[in-house]
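What the coordinates show
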Amino acid sequence: MENIVTFVIPVRHQENARDWPQLKRHLSETVSSISRQTKPEWKAVIVANYGADLPELPPGFEVKRVDFPPNQLHERGKSDREDFYNALRLDKGRRVLAGMLHAGEMEYVMIVDGDDFVSCNLTSFVAANPHANGWYIRDGYVWSGGNLLYLYPKFSILCGSSHIVRADLYHLPARFEDADDAYIRRMLGSHIFIDDHLNAAGTPLAPLPFAGAVYRTGHDEAHSRSDTILKMFFWHKDVLRKPRRLPRRLFRLRVRTKRLRQEFFS
């Protein structure tokens with residue numbers, strides 16, 4: 001059976017984890033979310049270091065083991081901001097590249113962070129729209145636990161699990177060694193550059209016409225050190241300065257209904 005979408009999930013070095021059991025639980029939930037695709041023509045590659053303890057995986061998942069060293073700038077501390085982000089992007093991008101090369105022939109690729117959730121309808125939508133360049137997730141949910149989600153209208157700027165790209169547009173090298181660090185950082189290590197790159201190349205992505213993913217925030221293993229939705233969108237200085245924004249933000253709150261649980265969660 002031909003796979004339409006390949007999900008690539010990079011996992012940080014175990015020495016960079018603050019709480020590996022929590023990371024493993026979140027990864028298991030991400031795996032469960034991906035595995036609920038309504039169309040079976042997909043596969044997923046988890047990229048993890050040798051020795052990393054991974055959760056049990058359902059059919060459709062493969063593991064690519066790597067021996068990359070721990071990221072020495074995983075915690076910013078007093079390091080330069082740009083050096084810090086370049087190190088994060090290089091570490092993530094190397095893992096993504098290893099996963100893509102392991103996957104072999106691909107039609108569309110979605111890079112998914114190991115603590116997020118995806119809609120079960122992604123593969124069906126991609127299959128119904130062949131030959132497209134791909135999509136960015138314009139609208140997506142932010143969730144920090146509990147029964148409320150926040151519908152965020154610029155999701156592809158906020159979350160790394162936000163792009164589905166036709167694989168040939170990445171122009172992957174034949175070998176890992178052939179990729180330079182700049183390519184790895186900008187094309188594979190971060191979601192913030194891909195839209196501009198593809199626009200400039202004349203192959204722009206389209207907005208996905210439905211909310212396609214859930215960004216999990218407010219936990220110790222989040223790279224972004226993100227807060228809960230309460231602190232991100234309500235108890236925040238911009239709302240305190242401009243309280244007229246509050247009704248609009250309240251309107252974006254959603255209850256985690258049975259339908260949403262079935263679409264995104266296990």
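Residues numbered from 1 in each chain as written. Predicted model: local features only at pLDDT ≥ 70, side-chain atom pairs only at ≥ 80, totals over all residues. Heavy atoms only, no water.

With that out of the way, let us pick up the overall build of the protein. Secondary structure summary: the protein contains 10 helices and 12 strands in total. Relative to the globule expectation of 18 Å for 266 residues, the C-alpha radius of gyration of the protein, 18 Å, shows essentially globular dimensions. Dimensions of the protein along its principal axes, counting C-alpha atoms only, are 55 × 50 × 40 Å. Here the protein holds 266 residues, and the buried ones make up 50% of them. When contacts within the protein are restricted to residue pairs at least 6 apart in sequence, those whose partners lie at least 24 apart make up 73%. Accessible surface computed for the protein: about 13000 Å², of which carbon and sulfur atoms make up 51%. (Helix = DSSP H or I, 4+ residues; strand = E, 2+ residues; numbered from the N terminus. Rg over C-alpha atoms; globule rule 2.2 N^0.38 Å. Buried < 20%, exposed > 50% of the residue type's maximum accessible area, 1.4 Å probe, protein only. Contact = heavy atoms within 4.5 Å. Areas by Shrake-Rupley, 256 points an atom, 1.4 Å probe, with all protein chains shown as cover.)

The strand order across the open sheet built from 7 strands is 3-2-1-4-9-6-10, with neighbouring strands paired in mixed fashion. Of all strands in the sheet, those bounded by a partner on one side alone are strand 3 (61–66) and strand 10 (206–207). One ladder, built from 3 bridges, connects strand 6 (residues 134–136) with strand 9 (residues 163–166); its direction is antiparallel. By the bridge assignment for strand 9, Tyr136 is matched with His163. (Pairing = 2+ DSSP bridges.)

Moving on: the packing of aromatic side chains. Applying the stated rule across the entire model yields 13 aromatic pairs. Measuring from ring centre to ring centre gives 5.6 Å for Phe68 and Phe176, while their planes differ by 25 degrees; the resulting arrangement is stacked. With Phe68 in the loop between strand 3 and helix 2 (81–103) and Phe176 in the loop between strand 9 and helix 5 (181–188), this pair connects stretches of sequence that are 108 residues apart. Exposure remark for Phe68: the relative accessible area of 15% places this residue in the buried category. What makes Phe176 partly exposed here is its relative accessible area of 25%. Centroid distance Phe117 to Trp143: 5.7 Å. Interplanar angle 80 degrees. Geometry classified as edge-to-face. Here Trp143 lies in strand 7 (residues 140–143) and Phe117 lies in strand 5 (residues 117–118), a separation of 26 residues in the sequence. Relative accessible area serves as the criterion here: at 3%, Phe117 is assigned to the buried category. On the basis of relative accessibility, which here comes to 9%, the residue Trp143 falls in the buried class. Three or more aromatic residues joined by ring pairs make a cluster, and in this case those are Tyr108, Phe125, Trp135 and Phe210. (Phe/Tyr/Trp six-rings, centres within 6.5 Å; stacked < 30°, edge-to-face > 60°.)

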